[in-house]
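Spelled out from the first residue to the last, the chains are:
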Amino acid sequence: MTDTSFIESDERRALREAVAAMAANYGQEYYLAKARAGQHTDELWAEAGKLGFLGVNLPEEYGGGGAGMYELSLVMEEMSANGCGLLMMVVSPAINGTIISKFGTDEQKQRWIPGIADGTLTMAFAITEPDAGSNSHRITTTARRDGGDWILKGQKTFISGVDQAQAVLVVGRTEEAKTGNLRPALFVVPTDAPGFSYTPIEMELVSPERQFQVFLDDVRLPADALVGSEDAAIAQLFAGLNPERIMGAASAVGMGRLAIDRAVDYVKTRQVWKTPIGSHQGIAHPLAANHVEIELAKLMMQKAATLYDSGDDVGAAEAANMAKYAAGEASTRAVDQAVQSLGGNGLTKEYGIAAAITSSRLARIAPVSREMILNFVAQTSLGLPRSY
Ligand SMILES: Cc1cc2nc3c(=O)[nH]c(=O)nc-3n(C[C@H](O)[C@H](O)[C@H](O)COP(=O)(O)OP(=O)(O)OC[C@H]3O[C@@H](n4cnc5c(N)ncnc54)[C@H](O)[C@@H]3O)c2cc1C
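Treat the numbers as computed from the prediction; the structure is a model and nothing was measured.

1. Re the packing of helix α3 (residues 69–81) against helix α7 (residues 281–309)
- Direction vectors running N to C along α3 and α7 enclose 145°, while the axes themselves pass 8 Å from each other. On the side of α3, the interface is formed by Met69, Tyr70 and Ser73, while α7 contributes Met301, Gln302, Ala305, Thr306, Tyr308 and Asp309.
- Of the residues that constitute the contact of α3 with α7, the class distribution is 5 nonpolar, 3 polar and 1 charged.

Structure below.
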């Protein structure tokens, strides 16, 4: 049998083209202008939802496209490569959509998935806590029972897009599982619930999607706010993490492509000696190396998505971590080289590359840091002992 998995099908290529065409109508100028004006990219989100791009991975019976993470990552990559990759895609359809459609009750699916799929509903995701950081086992957001209700108390930080979201999937723990290894319990919390509040964190990122501290002050939730079982929830949480990493990789691959494209366009025509600066190997070789690195990261991302969609969660975890690492490194280097290739123009507002300097660093830090991925690979792939 011929394995054609390296060759994208006609359907996938058509999806790429359709997403790229839509995203190009908005582009990086639109994205940066919205960010600088303190506005959201609602039109783009609504159009991507209407065209079926946001929910392409979600089940058809709940309004999704019935495809997989491969297709959703492709949407992310193309939007990002056109200068308007949206962080909330990592969160709302990829993490939350996956977890709820795999582990939610039929009622929960009917309530949340159609809106997540068509973009009329945005759901943020909150796991990070100030005193736990990368060590999720230390989270202290706790749910206690009160009759049939849950009362949720805790604090979260760096939560993206809470101001755009109607609900947040909050990772907490139940009072009975307050200490020891994390036995997470996942709750859908409406952003207008009494006791739920948030304040923005001022970031040096030019992004229309902002980060927030979130305070859960005895938020009362009905029994059906709990997604999945309170005991098996580590598997439920992990079900959302591979998609998160694949999407993190897709966003970074897109950003790397954008940076390389911009630099290549520029150095082909900019001439200060006898030939365009792109003919000097000091400029050409780093850009060629960036291109190689981005293509390699993309290949690992496609492998991760293919493994994930085939149901191989273990294989997907290793590949998704590696893809996220490779894409984060490759795009950070590509952006750095793009700035350098444009000389002074690399730092102007007009050329739009400087804004990517901080944004590209995000791919090394979130959703999981470079170091934590290397820990995973060292321990899981290489069998090395843990330092922590
Ligand atoms: C723009 C942005 C958006 C985000 N959006 C969300 C969101 O929507 N929802 C959400 O829940 N979170 C979100 N986060 C949080 C993000 O997931 C965390 O910032 C990330 O996991 C790192 O945690 P930390 O910032 O607490 O760093 P820390 O855990 O304090 O780590 C600091 C540094 O130490 C390193 N380090 C820590 N432990 C080890 C170790 N054992 N070995 C080696 N190195 C180690 C880390 O790699 C890192 O370099 C977002 C963050 C940012 C910046």
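Let us keep going from here.
2. Remarks on the nonpolar core
- Within the largest apolar cluster, 116 residues are counted, with the highest numbers of intra-cluster contacts made by Val168, Phe187, Val189, Ile246, Met301, Ala304 and Ala323.
- Tallying contributions element by element places helix α6 (residues 233–269) first for this core, with 15 residues.
- When residues no more than four places from it in sequence are discounted, the contact partners of Val168 are Met123, Ala124, Phe125, Ala126, Ile159, Val162, Val189 and Thr191.

3. A short note on the environment of Leu72
- Mapping Leu72 onto the fold places it in helix α3.
- As for Leu72 and Met89, which are separated by 17 residues in sequence, their C-alpha atoms are 8.6 Å apart.
- Sequence-distant contacts of Leu72, that is, excluding residues within four places in its chain, are made with Val56, Asn57, Pro93, Ala94 and Met247.

4. Some remarks on the UniProt feature "domain: Acyl-CoA dehydrogenase/oxidase N-terminal" (unreviewed entry) in the protein
- Residues annotated in UniProt with the feature "domain: Acyl-CoA dehydrogenase/oxidase N-terminal" (unreviewed entry) correspond here to residues 9–119.
- Structurally, residues 9–119 is divided into 70% helix and 0% strand, and its ends, taken at the C-alpha atoms, are 26 Å apart.

5. A closer look at the domain arrangement of the protein
- Per the domain assignment, the segments making up the protein are domain 1 (10–122), domain 2 (125–230) and domain 3 (234–381).
- Using C-alpha coordinates to define each centre, domain 1 is positioned 23 Å away from domain 2.
- Of all the elements in the fold, those that place two or more residues in the side of domain 1 that touches domain 2 are α1 (10–36), α4 (88–103) and α5 (106–118).
- Looking at which element gives the most residues to the side of domain 1 that touches domain 2, the answer is α4, with 7 residues.
- A class-by-class count of the residues in the side of domain 1 that touches domain 2 yields 13 nonpolar, 7 polar and 3 charged.

Conventions we followed
Residues numbered from 1 in each chain as written. Predicted model: local features only at pLDDT ≥ 70, side-chain atom pairs only at ≥ 80, totals over all residues. Axes fitted to C-alpha atoms, helices over the stretch in contact; angles between N-to-C directions. Helix = DSSP H or I, 4+ residues; strand = E, 2+ residues; numbered from the N terminus. Contact = placed C-beta atoms within 7 Å. Nonpolar A, V, L, I, M, F, W, Y, C, P; charged D, E, K, R; others polar. Core = buried A, V, L, I, M, F, W, Y, C linked by C-beta atoms within 7 Å. Buried ≥ 20, exposed ≤ 12 C-beta atoms within 10 Å, placed from the backbone. UniProt positions renumbered as here; feature names shortened; annotations may be inferred. Domains from an automatic or database assignment.

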